[in-house]
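Single-letter residue listing:
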Amino acid sequence: MAKWAMVIDVSRCTGCYCCFTACKDEYWDNDYPPYSAAQPRHGQFWMDLVKKERGTYPWVKVAYIPVLCMQCDNAPCVKAAKNGAVYKRPDGIVIIDPEKAVGQRQIVDACPYHVIFWNEEKQLPQKCTFCVHMLAKGKIPKCVQVCPSGALVFGDLDDPKSDVSKIVASKKTEALNHGRKTKPRVYYLGLPKLFIAGSVVFGDVDECAEGARVTLTGQSTGKSIETLTNNFGDFEFDGLGAGEYSVKFECKGYKAKTVNVDLKTDKHLGVVNLARVRS
Ligand code: SF4
Ligand code: SF4
């Protein structure tokens, strides 16, 4: 028996909305009994994209986070349903029975990920099914089929040779938000963390300091990482956790400089001026 799972690599997602559109195309006006009733044209996004803007001018980044039903192993929606209207299949997929769930609005409120939508016309809670009707025909979910950048990986966790198994075994994945409590079957890579960035300038000539060494040291861990400024004098350390850091700037012929940062949100240090060493 397969154990279906998905890995979403946020760092690969370009926000093209192909997955979003393909999902709408597959489910709008289409019934797939006994798994799902037709999705309305508006208001439901079984595969959604959450846009996360990071930083402030002049250093702004955007991440797109695909969000869908996490097919939780410990699913609050299953517990909230009456008459077995929401159930978990042996292959791990959580199904909202489109007949038994009629009138059960409490199922919508039970999901901590807010990925169940209320169909007012049908009085029905609805969500992603991992395209279970396609799996039965040996196909993978529509969103995964159409993703042009390989950000969505789908497969069998029980098959150690599957890509999802290998990625999950690498222990680099993490759950989204409340996930760990509900044991999701959707795993994430590259979820946005915090960054420290800035621009280094040779103060004596007011020019971009290309090739300056920048060393970031975590105050609590003592661990350091290094980078060099680019030809605009810019540098960036991304994927950081909150905490206190020191950032040291060094370049031959200039006085070293250290800036301390208490990192709580993404931080651009602005222009860091290096002073010439007087001989
Ligand atoms: S993400 Fe929400 S809808 Fe999906 S299984 Fe978990 S609790 Fe249920
Ligand atoms: S299709 Fe792929 S790249 Fe495009 S938005 Fe969806 S996950 Fe991102």
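Residues numbered from 1 in each chain as written. Chains lettered and ligands numbered in written order. Predicted model: local features only at pLDDT ≥ 70, side-chain atom pairs only at ≥ 80, totals over all residues. Heavy atoms only, no water.

Here we take up the pattern of salt bridges. In the structure shown here, the tally under the stated rule is 17 salt bridges. Between K142 and D25 there is a salt bridge, with the nearest N and O atoms lying 3.4 Å from each other. Pair noted here: K142 is in helix α5 (residues 142-146) and D25 is in helix α1 (residues 18-27), with a separation of 117 residues, a long-range link. Overall, the relative accessible area of 16% leaves K142 in the buried class. K248 is the salt-bridge partner of E250, the closest N and O atoms lying 3.9 Å from each other. A relative accessible area of 30% means that E250 is categorised as partly exposed. According to the relative accessible area criterion, K248 is partly exposed, its value standing at 35%. Three or more residues are tied together by salt bridges with common partners; here these are R54, K61, E236, D238 and D266. (Salt bridge = Lys/Arg side-chain N within 4 Å of Asp/Glu carboxyl O. Helix = DSSP H or I, 4+ residues; strand = E, 2+ residues; numbered from the N terminus. Buried < 20%, exposed > 50% of the residue type's maximum accessible area, 1.4 Å probe, protein only.)

Our next topic: the site of ligand 2. For ligand 2, the set of nearby residues contains 14 residues, the closest of which are C13, C16, C19, C147 and S149. Each residue belonging to the shell around ligand 2 can be placed in one class, and the counts come to 11 nonpolar, 3 polar and no charged. (Near = heavy atom within 4 Å. Nonpolar A, V, L, I, M, F, W, Y, C, P; charged D, E, K, R; others polar.)

Judged by nonpolar contacts, the single largest core of 55 residues is most densely connected at M6, L152 and Y188. Listed in part, the 21 residues of the second largest apolar core include A209, V214, L240 and C251. (Core = buried A, V, L, I, M, F, W, Y, C linked by side-chain atoms within 4.5 Å.)

Spatially, the 3 strands line up as an open sheet ordered β8-β1-β9, and their pairing is mixed. At either margin of the open sheet sits one strand with a lone partner, and together these are β8 (152-156) and β9 (186-189). Across the sheet, the mean angle separating the axes of adjacent strands is 20° when strand polarity is ignored. (Pairing = 2+ DSSP bridges. Axes fitted to C-alpha atoms, helices over the stretch in contact; angles between N-to-C directions.)

Our next topic: the site of ligand 1. Around ligand 1 sit 14 residues in total, of which C69, M70, C72, C77 and C111 are the nearest. Of the residues assigned to the shell around ligand 1, the class counts are 12 nonpolar, 1 polar and 1 charged.

Attention shifts here to a nonpolar patch on the surface. On the surface, Y57, V60 and V62 cluster together into a nonpolar patch covering about 360 Å² of accessible area. Considering the arrangement of structural elements, one finds Y57 in the loop between β2 (48-56) and β3 (59-67). (Patch = residues over 30% accessible without salt bridge, like charges linked within 9 Å, V, L, I, M, F, W, Y side chains within 5 Å. Areas by Shrake-Rupley, 256 points an atom, 1.4 Å probe, with all protein chains shown as cover.)

This next bit is on α1. Of all the residues in α1, the buried ones are C19, A22, C23, K24, E26 and Y27. Where α1 ends, the next residue or the one after it, D29, has phi of about 70°, a positive value.

This part covers the sheet that holds strand β16 (residues 257-263). Strands sit in the order β13-β12-β15-β16 across an open sheet of 4 strands; the sheet is antiparallel. Looking at the sheet topology across the chains shown, the edges are occupied by β13 (224-228) and β16. Put simply, the sheet's adjacent strands are angled 20° from each other on average, direction ignored. The pairing of strand β15 (residues 243-250) with β16 spans 7 bridges and is classified as antiparallel.

What follows is about unusual backbone geometry. Residues P33 and P34 are joined by a peptide bond in cis, for which omega reads 5°. As for its placement among the helices and strands, P34 is situated in the loop between α1 and β2. Note the cis peptide between Y57 and P58, where omega equals 10°. Along the chain, P58 turns up in the loop between β2 and β3. One non-glycine residue, D29, adopts positive backbone phi at about 70°.

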